Amino acid sequence: MKIAITGKGGVGKSTLAAMLTLLLTRDERRVLAIDADPDANLAGSLGIPPEEQAMIIPIAEQTRLIEERTGAQVKRYGQMFSLNPTVADIAGSYGFNRDGYTLLILGAVDQGGGGCACPEGVLIRALVSDCILHKSEALIMDMEAGVEHLGRATARGVDAMVIVVEPGRRSVDCAKRIVRMAHEIGLGKLAMVANKVASPEDEAFIKEQLPELPLLGCIPFHDAFGEADRQGVAPIDLVPETIVDEYRSILSKLEEGVVL
Ligand SMILES: Nc1ncnc2c1ncn2[C@@H]1O[C@H](COP(=O)(O)OP(=O)(O)OP(=O)(O)O)[C@@H](O)[C@H]1O
Ligand SMILES: [Mg+2]
């Protein structure tokens, strides 16, 4: 299972990515968690302490690795380079391993003149699409907010994209743009998770605005998420069990393939 999690800024993408990762590891499943947001914050949602986070070097900053695999120099454009870099060992050698998951932080890919054909971009896309998973393994990718990553097709190669939506017009409009652009890059399997839902009206609003997207689950607004954030622990350790169960149900639906 390879899943990318997307949506407007601040809707709860990293929270969902971390919840799914930690629920899978509780079931003794191996997970490759990829933080594809240049403003990376998945490590925080996983509860990795700041001093350990500081030791993780993003892939986009591993100049020697990128140059060795693509045969091109980073930040020099107009060169020939391999479009099929070897990536199989990258998660094992460059990821941060903890309690059954491996976290890879992709980092900021310099867009200046590079577009989607820069060596960093090529390596990162290959990482997702060529990474072969064992049946019991999962890849969970936390995407950058908004739609820009769809232009770069960072998530090409995932089985499904989950759009996190909060009950608000801007979040819904962003979800609609994501749906349109995902179809344009051939990513047809889409579903949504409603987050920060405080009333039946909130849930009705999201369903009414995005009737075409299968709703995997509805996470209520709860202060424990903010508290976990402030304490620097994973929300899974603080939120009520009923909320963890809702995430569990989302995971089951993803595994059953309940997506468009
Ligand atoms: N169901 C919820 N109820 C209340 N607060 C929540 C809920 N889900 C997430 N939050 C809070 O919302 C904030 C944003 O969550 P998160 O970092 O997961 O969003 P994001 O979409 O990854 O943001 P960004 O676009 O900045 O990466 C965090 O402070 C988090 O604790
Ligand atoms: Mg985030």
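These figures come from a predicted structure and were not determined experimentally.

(A) View of the overall build of the chain. Scanning the chain from terminus to terminus reveals eleven helices and eight strands. Its C-alpha radius of gyration of 18 Å places the chain within 12% of the 18 Å reference for a compact globule of 260 residues. Dimensions of the chain, computed from C-alpha atoms along their principal axes, come out at roughly 55 × 40 × 35 Å. A burial count over the chain gives 44% of its 260 residues as buried. Long-range contacts, defined here as pairs at least 24 residues apart, represent 74% of the contacts in the chain between residues at least 6 apart.

(B) Fine view of the site of ligand 1. Taken together, 20 residues are adjacent to ligand 1, and Lys13, Ser14, Thr15, Ala145 and Phe225 come closest. Mapped onto the shell around ligand 1, the elements with two or more residues apiece are α1 (13–26), β7 (190–197) and α10 (223–231). Considered class by class, the residues forming the shell around ligand 1 number five nonpolar, eleven polar and four charged.

(C) Inspection of the environment of Val244 at higher detail. Among the structural elements, Val244 can be located in helix α11 (residues 241–256). Note: C-alpha distance between Val244 and Leu20 (224 residues apart in sequence) is 9.8 Å. Other than its neighbours up to four places away in sequence, Val244 contacts Ile236 and Val239.

(D) Quick peek at the pairing of strand β4 (residues 101–105). Counting buried positions along β4 yields four of five residues, so the element is predominantly enclosed. Where strand β3 (residues 96–98) folds back onto β4 in an antiparallel hairpin, the turn is made up of two residues, including Asp99, whose phi is positive at roughly 35°.

(E) The arrangement of the nonpolar core in detail. Of all hydrophobic cores here, the largest spans 80 residues; its most connected members are Ile3, Met141, Met161, Val162, Ile163 and Met192. Sequence-distant contacts of Ile3, defined by excluding residues within four places in its chain, comprise Ile140, Met141, Val158, Asp159, Ala160, Val162 and Leu254.

(F) Looking closely at the packing of helix α4 (residues 63–70) against helix α6 (residues 119–130). Direction vectors running N to C along α4 and α6 enclose 80°, while the axes themselves pass 10 Å from each other. One way to sum up the angle between α4 and α6 is to call them roughly perpendicular. Along the contact surface, α4 presents Ile66, Arg69 and Thr70, while α6 presents Pro119, Glu120, Val122 and Leu123. Here the contact of α4 with α6 is built from residues that sort into four nonpolar, one polar and two charged.

(G) Structural context of the sheet that holds β3. Sheet architecture is open: eight strands sit in the order β3-β4-β2-β5-β1-β6-β7-β8, paired in mixed fashion. Pairing within the sheet leaves two strands with one partner each, and these edge strands are β3 and β8 (215–220). In this sheet, neighbouring strand axes are inclined to one another by 20° on average, regardless of whether the strands run parallel or antiparallel. Pairing geometry for strand β2 (residues 31–35) and strand β5 (residues 138–142), over five bridges, is parallel. In the strand pairing of β5, Asp35 is matched with Asp142. Running over the sheet, helix α8 (residues 169–184) touches β1 (2–7), β6 (160–165) and β7 and is turned about 165° from β6.

(H) Here's a closer look at the environment of Met161. Here Met161 is to be found in strand β6. Counting along the chain gives 65 residues from Met161 to Phe96, while the straight-line C-alpha distance between them is 24 Å. Each residue touching Met161, except ones within four places of it in the same chain, is listed here: Ala4, Thr6, Ala155, Ala182, Leu187, Lys189 and Leu190.

Analysis parameters
Residues numbered from 1 in each chain as written. Chains lettered and ligands numbered in written order. Predicted model: local features only at pLDDT ≥ 70, side-chain atom pairs only at ≥ 80, totals over all residues. Helix = DSSP H or I, 4+ residues; strand = E, 2+ residues; numbered from the N terminus. Rg over C-alpha atoms; globule rule 2.2 N^0.38 Å. Buried ≥ 20, exposed ≤ 12 C-beta atoms within 10 Å, placed from the backbone. Contact = placed C-beta atoms within 7 Å. Near = placed C-beta within 6 Å. Nonpolar A, V, L, I, M, F, W, Y, C, P; charged D, E, K, R; others polar. Pairing = 2+ DSSP bridges. Core = buried A, V, L, I, M, F, W, Y, C linked by C-beta atoms within 7 Å. Axes fitted to C-alpha atoms, helices over the stretch in contact; angles between N-to-C directions. Parallel < 35°, antiparallel > 145°, perpendicular 65-115°, else oblique.

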